[in-house]
Amino acid sequence: MKTSIATRIWLMTAIGAFALIAVGLIGFLGTKKLQSAILTINNETIPSTTAIDDIKSQTFLTRVNALRHTLVIESSRKEVIDKEIAASRAFIDKRLQEYEKLVNDETDKKMFAEDRKLYAVYLEALEKLLDLSRQNDNAFARVTLDKDVDPAAEKLRAALEAHQKYTREQAAATGKASEVAATRSAGLSGITILLGVIAISLIGAVIGRSVVKGLTTVQNTVERIEGELDFSLRVPAKNKDELGKMATALNRLLERLQASLGDIANSAAKVAQASTRMNETSDQLASSSSAQSTAAANMASSVQELTLSIAHVGGRADDTRQATAEAGALATAGGAWSMRRCSISGPLRIPCSRRQSASASWARRAIVSRPLSR
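Now for a quick tour of the structure. (Residues numbered from 1 in each chain as written. Predicted model: local features only at pLDDT ≥ 70, side-chain atom pairs only at ≥ 80, totals over all residues. Heavy atoms only, no water.)

**Details of the overall build of the protein chain**
- Per the secondary structure count, the protein chain includes 6 helices and 0 strands.
- Along the protein chain, helices (α) and strands (β) appear in the sequence α-α-α-α-α-α when read from the amino end.
- Looking at the 374 residues of the protein chain, the share that counts as buried comes to 25%.
- Across the protein chain, every contact between residues at least 6 apart in sequence was considered, and the portion connecting residues at least 24 apart equals 72%. (Helix = DSSP H or I, 4+ residues; strand = E, 2+ residues; numbered from the N terminus. Buried < 20%, exposed > 50% of the residue type's maximum accessible area, 1.4 Å probe, protein only. Contact = heavy atoms within 4.5 Å.)

As structure tokens, then:
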């Protein structure tokens, strides 16, 4: 691989961090949506439903008080009932104003407008009934109650119940949407966690496999070098990661060790050769010493013989000197005789020079042929 182990580890860490961030973001968005739904239910749906329910109850209370108003005769009691009806109407008006702020869509707005319209019709019928009851015209008041007030009240009640049903359906839809959002958020979180775990596991497996493979290759090569003492072996360095760099550095070290061992082997061979030459030289020196010893002995014998020869030559020299003296005397005697013969004339006359030469030759032969005394 061209990517380094550190880069792959950082990549695995980044994927893990991304997965955690994604899970946190999905959870945050899901929680935010759920919180929004809860706020909608608490701040809009429940108040709307409560307001409609209050309007219904107070409308029903005004109907009861209107009936009571028609049944009593005393003015004081009618005045008390009028106050109760006025309080109910004030409460209904207040709740209608509050609900107007809670309207959230067009359907709700139309239904609220219909509620107000029907409530106005109901109030108109209710005022007509109360006027008749205040005049103690109870018979016409009851007729108005049956003919106008009750139908208007029933229509208002039906509209309010329909509106309340709609708000409840909106609340249920909001709750369902929040439930779906929570389920989706949980599903997305689970998928993100699963994908992050798978990605981290795959990258971790790849990193672990490459590291184990690289270290095993280095270990096997080193064990072979240890067992075979073969420093020509090299670690395969195919990857560009830290293990590849380590293998390259180890190969360079092995090359240097091999070169150093080669130099040591060459030096050892040279030392062996030098030792061999030294042995040969020692043998030659021993032979030369033996020869010199023999030559010295021979020389001593030769010197002894030479001494004897010199002594012999000395003796011969004395003999030669004596013979020479004798030869000189003979030569002198011969010379004198020759001179006498040279003065003879006649046919037997020999030239003096020839006679002198013959005398000299005879004298030499006499010297040479004379044995030397030892």
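**Thoughts on a nonpolar patch on the surface**
- A cluster of nonpolar side chains, contributed by Leu 188, Ile 191, Leu 194, Leu 195, Ile 198 and Leu 202, occupies part of the molecular surface with about 580 Å² of accessible area.
- Its place among the elements puts Leu 188 in helix H4 (residues 138–228).
- On the basis of relative accessibility, which here comes to 40%, the residue Leu 188 falls in the partly exposed class. (Patch = residues over 30% accessible without salt bridge, like charges linked within 9 Å, V, L, I, M, F, W, Y side chains within 5 Å. Areas by Shrake-Rupley, 256 points an atom, 1.4 Å probe, with all protein chains shown as cover. Salt bridge = Lys/Arg side-chain N within 4 Å of Asp/Glu carboxyl O.)

**Notes on the environment of Lys 117**
- Looking at the element boundaries, Lys 117 is found in helix H3 (residues 106–134).
- For the pair formed by Lys 117 and Leu 156, sequence separation is 39 residues and the distance between their alpha carbons is 8.8 Å.

**Quick word on the side chain of Thr 49**
- Along the chain, Thr 49 turns up in helix H1 (residues 5–71).
- Residue Thr 49 is classed as buried on the basis of its relative accessible area of 14%.
- Leaving out residues up to four positions away in the same chain, Thr 49 has contacts with Gln 164, Thr 167 and Arg 168.

**Quick look at the pattern of salt bridges**
- One pass over the structure, following the stated rule, counts 15 salt bridges.
- Residue Arg 63 is joined to Glu 154 by a salt bridge in which the shortest nitrogen-to-oxygen separation is 3.2 Å. Taken together, the residues span a long stretch of sequence, with Arg 63 in helix H1 and Glu 154 in helix H4 at a distance of 91 residues.
- On the basis of relative accessible area, Arg 63 is assigned to the buried category, the value being 19%.
- Linking Glu 154 and Arg 157 is a salt bridge whose minimum nitrogen-to-oxygen distance equals 2.7 Å. Here Arg 157 and Glu 154 lie together in helix H4, a separation of 3 residues that amounts to about one turn.
- Through salt bridges that share partners, Lys 56, Arg 63, Asp 150, Glu 154, Arg 157 and Glu 161 make up one connected network.

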